[in-house]
Amino acid sequence: MLKRESLVGTIFVVIAAFFAFHALQLQVGTVGRMGPGYFPLVIAAVVGGIGAVILAMSLLDASATTVVKKINWSGLLIITASVLAFAALVIPAGLFVATIMLVFISDLASPGRNWLRTLILALVLSTAAALIFVKGIGMQMPLLPSLG
Amino acid sequence: MDILANIQLGLATALQPQNLLYAFIGCFMGTLIGVLPGLGPLATISMLLPLTYALDPAAALIMLAGIYYGAQYGGSTTAIMVNLPGESSSVVTAIDGYQLARKGKAGTALATAALSSFLAGTIATIFIAVMAKPLADVAFKFGPSEYFALMLVGLILATVLSNARLIESIGMVFLGVLVSTVGIDVNSGDERFTFGVTALFDGFDFVVIAMAIFGFAEIVKNLQESEDGKGTATPRITRLMPTLSELKAMVGPALRGTALGSLLGVLPGGGAAIASFASYSLEKKMPNKGGEEFGKGALAGIAGPEAANNAAAQTSFIPLLTLGMPSNAVMALMVGAMMIHDIQPGPRVMTADPALFWGLIASMWAGNLMLVVLNLPLVGVWVKLLSVPYKLLYPSIMLLCCIGVYSLKNDSFEIYLAAFFCVAGYLLISLDLPAPPLLLGFVLGPMLEENLRRALLISRGDVSVLFASNISIALYLVGAIAVLLMVAPSIRRKREIIAED
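Bear in mind the structure is a predicted one, so any value in this text is a computation, not a measurement.

Caption draft 1: Main features of the overall build of chain A. Of regular secondary structure, chain A possesses four helices and zero strands. For chain A, the succession of helices and strands along the chain, N to C, is α-α-α-α. The C-alpha atoms of chain A give a radius of gyration of 24 Å, which is well past the 15 Å a tight globule of 148 residues would have. If you line up chain A on its principal axes, its C-alpha atoms span 55 × 45 × 25 Å. When the 148 residues of chain A are sorted by exposure, 39% land in the buried category.

Below, the structure is given as C-alpha cells:
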C-alpha cells in the first residue's frame, strides 16, 4: 500500500534533484558574487531536504497510513486534451473551431450525451467570446480559419 | 488634516462617473463568476483579468478591486443559498446562513452579509488610509537585507496560517520559489532551466499557473466529486431588508468582526479565511442575547464572519501598497495586474501617483457601496445562476480560462503550459498538498533572490549583513515565534479543527 507522505516526500526530492542537477551546469559563483546557479541550488537543497524529512518520517512512523486518493485519470486526460486541442487550433483555425472542439471534448468528462445541447453551448460561448473579447476589447485572436 | 485631503483626492478619482461604472462592472462580473460553485476570488480575477487590459491604470485597478469584492460576495451568496461555499472564507457563512435560508429567511441572511460587509469595508478603508503613510515611511528604511528578511518571514508566516501540515506547506512555498527561477537570470543574462525554449525566457506567468490549478485542475476534481452534475434546488427569497431589531443584532458582531479582520488581513497568508473563522469562534463565546442559536441560523454567525472576511480582504492591500509585498495569492495577482500597467507596487506608488493610490483606496469603499446598492437587488439573478447544471458550466469556465491565458501574450504557447500545469497541479491537489503557498512562493521568489544577491554583493559575501539591522532581527523574531507557536500542541489542535471543517 502506497503511503501518501512517502509519495509527497519522494516528489519533493525528485523535483529538487532535477533542478539541482541543472543548476550545477550553470555558473554557481560565490556568496559575494552569486552566479545564476547559486540561488536555485540553495532552494533545491531546501526543497530536497524537506522532502527527505517527510519521506523519512513516513518510513519511520508506521501509524501514519494515509492512503493516496483515487485519481480521476479519465477526467484529467479529457480536460487536458480539450485544453491542448484549443491551444493547437486557435491560431490556425480561429476561435469558433477551437471553442467547438474544446466544448465537445471536455463534454466527455461528465456523464450524459446530448449532441444538440453541446453544439448550442459551443456556438453560444464562441459567439459571446468573439463579441466580448475580440470585438469588445480588441484582443488579437483569429475568429475563423485563415485561408492561404 | 492630511488624511482628509488624501481621502478627498481619492474620492475625486473613484467617484468619477467612468470609474464608478468600472467599479460596478467589476462587482457585477465578479459576482457573476464568483457565485458559481467552486470558483473563488483567485480564479475569478484570473479569468476576468483580460477585461482590464485596455483600461487606464486607475480604472483597471478599480475594476479589479470591484471584481475581488464581487467574487467574495458571490461566494457568500452561494454559501447561504445552497450551502456550497465557493472558497474557504465563506465556509463559516454557510453554517448559519444556510440554516436561515431553509427557514425562509434567505433574504435576511443575504442582506446581513451585504450590510455587515459594507460596514466592515467602510471602516477598513479608513484603517488603510490612516495606516498607509506611516507604513510606507517604514518601508523607505528597508534595504536589500531587510527586504530579504521581510519576504522570507512573510513566506513562513503564510504557511503557518494556512491549514495544511506545516512542513508540507513550507515545502510547497520553496517549490514555488524554485519554479520561479525558470527563465533568464536578470543579473547575468544566462538562461536557467529553459532548455533553449525561447518562450520560456521570461519564465512562467503567474496567471498560467493560477488558472491551471484553480481553473482546469479544480474542474477535474469537481467532476470526480459531483457525479450527478445537476443544479441544486434553491430556496426562495422573500423579504430582503432586515427589521430594526435584526439590524441591532448584527451591529455588535459586525464591529468585532471588522476589528479582527482588519488586523488579520495585514498578516501574510492570513487574509479572509482565517479572519472569518476567528470571528465565528469569537461570536460563539459572546453572551447570547436571545435570537437563534449558533448553527441554527444566528445572525451574529453571518454578520461577524462576513464583516471579518471583507475587512481582511481589504486590509490585505496594505502590505502590497506600502511594502510591495503581496500577502496572499489574490494580492500576487494584483501585482501582476499592476505590472501590466507599468506600476511597480511599493511605497513609491503613494508619492509617485497619489491620485491612483488614494483613488484605489476610495474605490474599495465605492466597490462596497456598489455591492449594497446595485448588487443586492440583483440577488435573484445570481441565485438563478446556481440552477445551471455543472455540465454546462465547466466548458464555459474552461473557455474563459483558455482565452485569459491566451491573452497574456496573444499566443497559444501559454495554453500548452497551462495544460502541463493542469496535470501537475491536479496531481498535487490529489495528494492534498496546498496550492496557495506554492503560488505565493512563486511570486515572491524573484524578489527573494534579487534582495539576497544584492545584500550579499554589497557586503562582499559577509552573511552577517542579513542580521545586521534591528528591523531584520525583529522580523526574524516574529517568524520564529509564529513557527514555535504553531508547533505548540494546543494551537496545532485548533489548526486541525479548522482543517477538518
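Resuming the write-up.
Caption draft 2: Just the overall build of chain B, in detail. The secondary structure content of chain B amounts to 22 helices and two strands. Against the 2.2 N^0.38 benchmark of 23 Å for 501 residues, chain B shows a C-alpha radius of gyration of 22 Å, consistent with a compact globule. Put simply, 80% of the contacts in chain B that link residues at least 6 apart link residues at least 24 apart.

Caption draft 3: Local environment of the packing of helix α3 (residues 41–48) of chain B against helix α4 (residues 57–82) of chain B. All names here are of chain B. One way to put it is that α3 packs onto α4 with a least axis distance of 9 Å and a crossing angle of 140°. The handedness of the crossing between α3 and α4 comes out as right-handed. Residue-level contacts link P41, T44, I45 and L48 of α3 to L64, I67, Y68, A71 and Q72 of α4. Looking at side-chain class alone, the contact of α3 with α4 contains seven nonpolar, two polar and no charged residues.

Caption draft 4: Structural context of the domain arrangement of chain A. When cut into domains, chain A gives domain 1 (4–60) and domain 2 (73–136). Measuring from the centre of the C-alpha atoms in domain 1 of chain A to the corresponding centre in domain 2 of chain A gives 39 Å.

Caption draft 5: Spotlight on helix α21 (residues 470–487) of chain B. Residues and elements named next belong to chain B. Along its 18 residues, α21 runs 26 Å from first to last C-alpha, staying within 8% of the 26 Å computed at 1.5 Å per residue. Within α21, burial applies to S472, L475 and G479. Around the axis of α21, the buried residues are gathered within 70° of arc, so they sit on the same side. Opposite the buried face of α21, at more than 90 degrees from it, the exposed residues are N470, L477, A480, I481, L484 and L485.

Caption draft 6: View of the nonpolar core. In this structure, V83 and F86 of chain A together with F216, C402 and A418 of chain B are the most contacted members of the largest nonpolar core, which totals 232 residues. In this structure, this core is formed jointly by two domains, domain 1 (4–60) and domain 2 (73–136) of chain A, each of which donates at least three residues. Every residue in contact with V83 of chain A, bar those within four places of it in the chain, is listed here: F216, M398, C402, I415, A418, A419 and C422 of chain B.

Caption draft 7: Summary view of the interface of chain A and chain B. Taken together, the 59 residues of chain A in the interface contact 56 residues of chain B. Mapped by element, the contributors of at least two residues to the side of chain A that touches chain B are α1 (4–25), α2 (38–60), α3 (73–107) and α4 (115–136) of chain A. The element best represented in the side of chain A that touches chain B is α3 of chain A, accounting for 16 residues. Classifying every residue of the side of chain A that touches chain B by side-chain character gives 39 nonpolar, 16 polar and four charged.

Caption draft 8: Structural detail: unusual backbone geometry. Residue and element names in this part refer to chain B. The phi torsion at F193 lies on the positive side, around 55°, for a residue other than glycine. Tracing the chain through its elements places F193 in the loop between β2 (191–192) and α9 (206–225). Positioned with a positive phi, F195 is a non-glycine residue whose angle comes to about 50°. Mapped onto the elements of the fold, F195 is located in the loop between β2 and α9.

Caption draft 9: How the structure looks around the environment of L175 of chain B. You can see L175 of chain B is positioned in helix α8 (residues 166–180). Residue classification places L175 of chain B among the buried residues on the basis of 28 C-beta atoms within 10 Å.

Caption draft 10: Highlighting the confidence of the model for chain B. Residue and element names in this part refer to chain B. With 91% of its residues at a pLDDT of 70 or more, chain B has an overall mean of 83. Mean pLDDT values over the elements of chain B span from 55, in helix α22 (residues 489–500), up to 94, in helix α19 (residues 413–430). Per the prediction output, this complex has pTM 0.84; the corresponding ipTM is 0.94.

Caption draft 11: Examining the confidence of the model for chain A more closely. Scored by pLDDT, chain A has a mean of 90; 96% of the residues are at 70 or more. When mean pLDDT is compared element by element in chain A, α3 of chain A scores highest at 95, while α4 of chain A scores lowest at 92.

Caption draft 12: Spotlight on the packing of helix α2 (residues 17–34) of chain B against helix α16 (residues 354–375) of chain B. Residues and elements named next belong to chain B. Following both chains from N to C, one finds α2 and α16 inclined at 60°, their axes separated by 9 Å at the closest point. With respect to α16, the element α2 is oriented oblique. The way α2 lies across α16 gives a crossing that is right-handed. Each of N19, L20, A23, F24, G26, C27, F28 and T31 in α2 lies in contact with α16, whose residues at this interface are S363, A366, G367, M370, L371, L374 and N375.

Caption draft 13: Molecular detail of the environment of E306 of chain B. Residue and element names in this part refer to chain B. Within the secondary structure, E306 is located in helix α12 (residues 300–315). The class of E306 is buried, set by 37 C-beta atoms lying within 10 Å. Here the alpha-carbon distance between E306 and S116, two residues 190 residues apart in the chain, equals 6.5 Å. Setting aside residues no more than four positions away along its own chain, E306 makes contact with S76, T93, A113, S116 and S117.

Caption draft 14: Here's a closer look at the environment of L55 of chain B. Mapped onto the fold, L55 of chain B is located in the loop between α3 and α4. Residues in contact with L55 of chain B, not counting those within four places in the same chain, are Y22, A60 and M63 of chain B.

How each quantity is defined
- Residues numbered from 1 in each chain as written.
- Chains lettered and ligands numbered in written order.
- Predicted model: local features only at pLDDT ≥ 70, side-chain atom pairs only at ≥ 80, totals over all residues.
- Helix = DSSP H or I, 4+ residues; strand = E, 2+ residues; numbered from the N terminus.
- Rg over C-alpha atoms; globule rule 2.2 N^0.38 Å.
- Buried ≥ 20, exposed ≤ 12 C-beta atoms within 10 Å, placed from the backbone.
- Contact = placed C-beta atoms within 7 Å.
- Axes fitted to C-alpha atoms, helices over the stretch in contact; angles between N-to-C directions.
- Left-handed = near helix turned anticlockwise from the far one by under 90°.
- Nonpolar A, V, L, I, M, F, W, Y, C, P; charged D, E, K, R; others polar.
- Domains from an automatic or database assignment.
- Expected span 1.5 Å × (residues − 1).
- Arc of directions from axis to C-beta.
- Core = buried A, V, L, I, M, F, W, Y, C linked by C-beta atoms within 7 Å.
- pLDDT = per-residue confidence, 0-100.
- Parallel < 35°, antiparallel > 145°, perpendicular 65-115°, else oblique.

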